[in-house]
Amino acid sequence: MSIADFALPYVRAISPYQPGKPVTELAREMNIPLERIVKLASNENPLGTSPRVQAAVAAALSGVARYPDQYELIDKLATRSGVAAGQVVLGNGSNDVLEMVARVFLAPGRSAVFSQYAFAVYPLATQASGAESIQVPALDYGHDLAEMLAAIRPDTRVVWIANPNNPTGNFLPYADIRAFLENVPADVLVVLDEAYNDYLPPAARVDMAAWIAEFPNLVVCRTLSKIYGLAGLRIGYALAAPAVVDLLNRVRQPFNVNNLALVAAMAALDDEDFLQASYELNRTGMADIVNALGRLGLQHIPSGGNFVAFRVRDAAVVNQKLLAEGVIVRPIAGYGLPDWLRVTIGTAQENARFIEALERVLAGAQ
Ligand SMILES: *Cc1c(COP(=O)(O)O)cnc(C)c1O
């Protein structure tokens, strides 16, 4: 018997999250100079971090001896979102908020519902809490809300929904989500994960403050890791009814968001030019990549995010060959999609490198 045999059985059964390959790792493994590597594997902002954020973080360095104070950022997010400060909870990445939800609402004897091909953290957070995962077969690679509703059991306490979803990119019309919320039992929490909300055309977004007022069992999660360019600082948040936020705060680590992330988020939220440039770059880059995939005769899933999944024969082999070309994309076999790869939209130059490398790899395979 080893000490590991005495760990919680549902924790021992977890298969760990597989992150995108860091550029430094590929450089070490294949001896490729760092500057020759293009990473399009983790849905990061290809423009990096705005100069205004960098200046704000540099100025805040002198204050890191002090414990952080979340007041200002919570106040700003509340004002922007049209909710009260008591309806905002900050996370060390929105991942942290998802964990808090699981900690508060899930346990052995309870269950959570999510879609096949949904974001990997949903099964992970569910499993780590000891609750049962109810995975509902996807419809055209996206959420089948009717079947998800039907899958809710008396012991179900959480439904996880990503919109747009990662890794498939599917976008559910908000009218469908609204109809779903109207039919979900009031004792089931619905987590609406909007990590890619800022990549939607403004006309497609909705006022979540009104929804939260109407549905006390709704939690809306957002992140600053994607369009705001702060993935490495770890900051995200949730909006919910005051009673839910109060519960999340009870399991939240008191200082879960660090000083630099707080300051960076304040500056990032205000940098409209950077956000607009990031949005436009994604729109044109998505069109270029989707065109190229079509030219190469490869199927893709229409995406509402800053990435697109495409189908390719021998995806694992194609992935290896792309790595040898210095291009990192994301294999999604772990999601049950072994014939697919996911590519993040990069700069025009990075997209061109990806397309050229993919063309070479596919030509060589014939
Ligand atoms: C990236 C992502 C998140 C956010 O991750 P954090 O970096 O922890 O904020 C959440 N949900 C989905 C679906 C994502 O793709």
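In this report, we go over the structure that sits alongside the text. No experiment lies behind these values; they were computed from the predicted model shown.

### A short note on the sheet that holds strand β2 (residues 88-91)
Line of reasoning, step 1. Sheet architecture is open: seven strands sit in the order β2-β8-β7-β6-β5-β3-β4, paired in mixed fashion. The outermost strands of the open sheet, each flanked by one partner alone, are β2 and β4 (132-136). Each strand of the sheet is rotated relative to its neighbour by a mean of 20 degrees, with strand direction disregarded.
Line of reasoning, step 2. Sheet topology places strand β3 (residues 111-115) next to strand β5 (residues 156-162); three bridges connect them, and they run parallel. When the sheet's bridge partners are listed, Ser 111 is paired in β5 with Thr 156.
Line of reasoning, step 3. Packed onto the sheet, helix α4 (residues 71-81) meets β2 and β8 (236-240) and runs at close to 125 degrees relative to β2.
Line of reasoning, step 4. Along the sheet, helix α6 (residues 121-128) makes contact with β3, β4, β5 and β6 (189-193), crossing β5 at roughly 160 degrees.

### Topic: the packing of aromatic side chains
Line of reasoning, step 1. Applying the stated criterion across every chain yields a total of nine aromatic pairs.
Line of reasoning, step 2. Judged by centre distance (5.0 Å) and plane angle (65 degrees), the rings of Tyr 141 and Trp 340 are edge-to-face. Of this pair, Tyr 141 sits in the loop between β4 and α7 (145-151) while Trp 340 is found in strand β12 (residues 340-344), placing the two residues 199 residues apart along the sequence.
Line of reasoning, step 3. Between Tyr 196 and Phe 307, the aromatic rings sit 5.0 Å apart at their centres with planes inclined by 65 degrees, giving edge-to-face as the arrangement. Of this pair, Tyr 196 sits in the loop between β6 and α9 (208-214) while Phe 307 sits in strand β9 (residues 307-311), placing them 111 residues apart in sequence. Note on accessibility: Tyr 196 and Phe 307 belong to one class, buried.

### Digging into the pattern of salt bridges
Line of reasoning, step 1. Applying the stated criterion to the full structure yields 16 salt bridges.
Line of reasoning, step 2. The partner of Arg 222 in a salt bridge is Glu 194, and the shortest N-O contact between them spans 2.7 Å. You can see Arg 222 sitting in strand β7 (residues 218-223) and its partner Glu 194 sitting in the loop between β6 and α9, a full 28 residues away along the chain.
Line of reasoning, step 3. Overall, Arg 222 belongs to the buried group, its relative accessible area being 14%.
Line of reasoning, step 4. Between Glu 280 and Arg 283 there is a salt bridge, with its nearest N and O atoms 3.3 Å apart. Here the residue Glu 280 and the residue Arg 283 both occupy positions in helix α12 (residues 272-295), the gap between them amounting to three residues, near one helical turn.
Line of reasoning, step 5. For Glu 280, a relative accessible area of 31% translates into the label partly exposed.
Line of reasoning, step 6. You can call Arg 283 partly exposed: its relative accessible area is 49%.

### A few points about the site of the ligand
Line of reasoning, step 1. Around the ligand, the neighbouring residues are Gly 93, Ser 94, Asn 95, Phe 119, Asn 166, Asp 193, Ala 195, Tyr 196, Thr 223, Ser 225, Lys 226 and Arg 234.
Line of reasoning, step 2. Here an oxygen atom of the ligand and a backbone polar atom of Asn 95 are 3.0 Å apart.
Line of reasoning, step 3. Contact between the ligand and Thr 223: an oxygen atom at 2.5 Å from a side-chain N or O atom of the residue.
Line of reasoning, step 4. Contact with the protein chains hides 93% of the accessible area of the ligand, taken as 390 Å² for the molecule alone.
Line of reasoning, step 5. Across the shell around the ligand, the residue classes tally to three nonpolar, six polar and three charged.

### Observations regarding the pairing of β7
Line of reasoning, step 1. A large share of β7 lies buried, amounting to six of its six residues.
Line of reasoning, step 2. In β7, alternate side chains face the same way, and those of Leu 218, Val 220 and Arg 222 on one face and Val 219, Cys 221 and Thr 223 on the other are all buried.
Line of reasoning, step 3. In this structure, β6 lies alongside β7, joined through four bridges in parallel fashion. Its bridge partner being in β7, Leu 192 is matched across the sheet by Val 220.
Line of reasoning, step 4. Where the polypeptide runs from β6 across α9 and back to β7, its parallel neighbour, the crossover connection is right-handed.
Line of reasoning, step 5. Sheet topology note: the β7/β8 ladder contains five bridges and is antiparallel. Across the sheet, Arg 222 pairs through a bridge with Tyr 237, a residue of β8.

### Here we look at the nonpolar core
Line of reasoning, step 1. Leu 73, Leu 90, Val 159, Ile 161, Leu 218 and Leu 224 are the most contacted members of the largest nonpolar core, which has 59 residues in total.
Line of reasoning, step 2. The leading source of residues in this core is helix α11 (residues 259-270), at nine residues.
Line of reasoning, step 3. For this core, the domains that each give at least three residues are domain 1 (3-48 + 273-365) and domain 2 (51-270).
Line of reasoning, step 4. Filtering out sequence-adjacent residues up to four positions away, Leu 73 remains in contact with Leu 90, Ile 235, Leu 262, Ala 265, Met 266 and Leu 269.
Line of reasoning, step 5. By size, the runner-up hydrophobic cluster in this structure holds 37 residues, among which are Phe 105, Ala 131, Val 191 and Tyr 335.

### Describing the sheet that holds strand β11 (residues 330-331)
Line of reasoning, step 1. Read across the sheet, three strands follow the order β9-β12-β11 without closing on themselves; strand pairing throughout is antiparallel. Whereas interior strands pair on both sides, the edge strands pair on one side only; in this sheet they are β9 and β11.
Line of reasoning, step 2. Bridging between β11 and β12 involves two bridges; their strand directions are antiparallel. Looking at β12, one finds that Pro 331 is bridged to Leu 341.
Line of reasoning, step 3. Packed onto the sheet, α12 meets β9 and β12 and runs at close to 5 degrees relative to β9.
Line of reasoning, step 4. Strands in contact with helix α13 (residues 315-324) are β11 and β12; relative to β12, the strand with the most contacts, it is inclined by about 35 degrees.

What counts and what doesn't
- Per chain, the residues get numbers from 1 upward, laid out in the order the sequence is written.
- The predicted origin of the model limits local features to residues at a pLDDT of at least 70 and limits the giving and counting of side-chain atom pairs to 80 or more, whereas totals for whole chains, interfaces and linings rest on all residues.
- To obtain the side-chain values, all non-hydrogen atoms of the structure were included, while hydrogens and water were left out.
- Only when DSSP finds a minimum of two bridges between them are two strands counted as paired.
- In this text, helices come from DSSP runs of H or I with a minimum length of four residues, and strands from runs of E with a minimum of two, each type numbered from the N-terminal end.
- Axes here refer to lines fitted to C-alpha atoms; in helices the fit is confined to the stretch in contact. Angles between the N-to-C directions go from 0 to 180 degrees.
- Two residues form a contact once any of their heavy atoms are found within 4.5 Å.
- Each pair of aromatic rings taken from Phe, Tyr and Trp, with Trp reduced to its six-membered ring, is defined by centres within 6.5 Å and is described as stacked if the planes are under 30 degrees apart, edge-to-face if over 60, and tilted in the remaining cases.
- Only protein chains enter the accessibility calculation, which uses a 1.4 Å probe; a residue is then buried when its area is under 20% of its type maximum, exposed when over 50%, and partly exposed in between.
- Whenever a carboxyl oxygen of Asp or Glu lies within 4 Å of a side-chain nitrogen of Lys or Arg, that contact is scored as a salt bridge.
- A molecule or strand has a residue near it when one of that residue's heavy atoms lies within 4 Å.
- Under the rule applied, a polar contact is a pair of N or O atoms within 3.5 Å (in protein, one hydrogen donor and one hydrogen acceptor; residues adjacent in sequence only if both atoms are side-chain atoms).
- Accessible surface is estimated by sampling points in the Shrake-Rupley manner with a 1.4 Å probe; for residues, cover comes only from the protein chains shown.
- Here the nonpolar group is Ala, Val, Leu, Ile, Met, Phe, Trp, Tyr, Cys and Pro; Asp, Glu, Lys and Arg are the charged ones; every other residue, Gly included, is treated as polar.
- Throughout, right-handed denotes a crossover for which the path from the first strand over the helix to the second runs clockwise when the strands point away from the viewer.
- Each nonpolar core is a collection of buried residues, namely Ala, Val, Leu, Ile, Met, Phe, Trp, Tyr and Cys, held together in the definition by side-chain atoms within 4.5 Å.
- These domain boundaries are the output of an automatic or database domain assignment.

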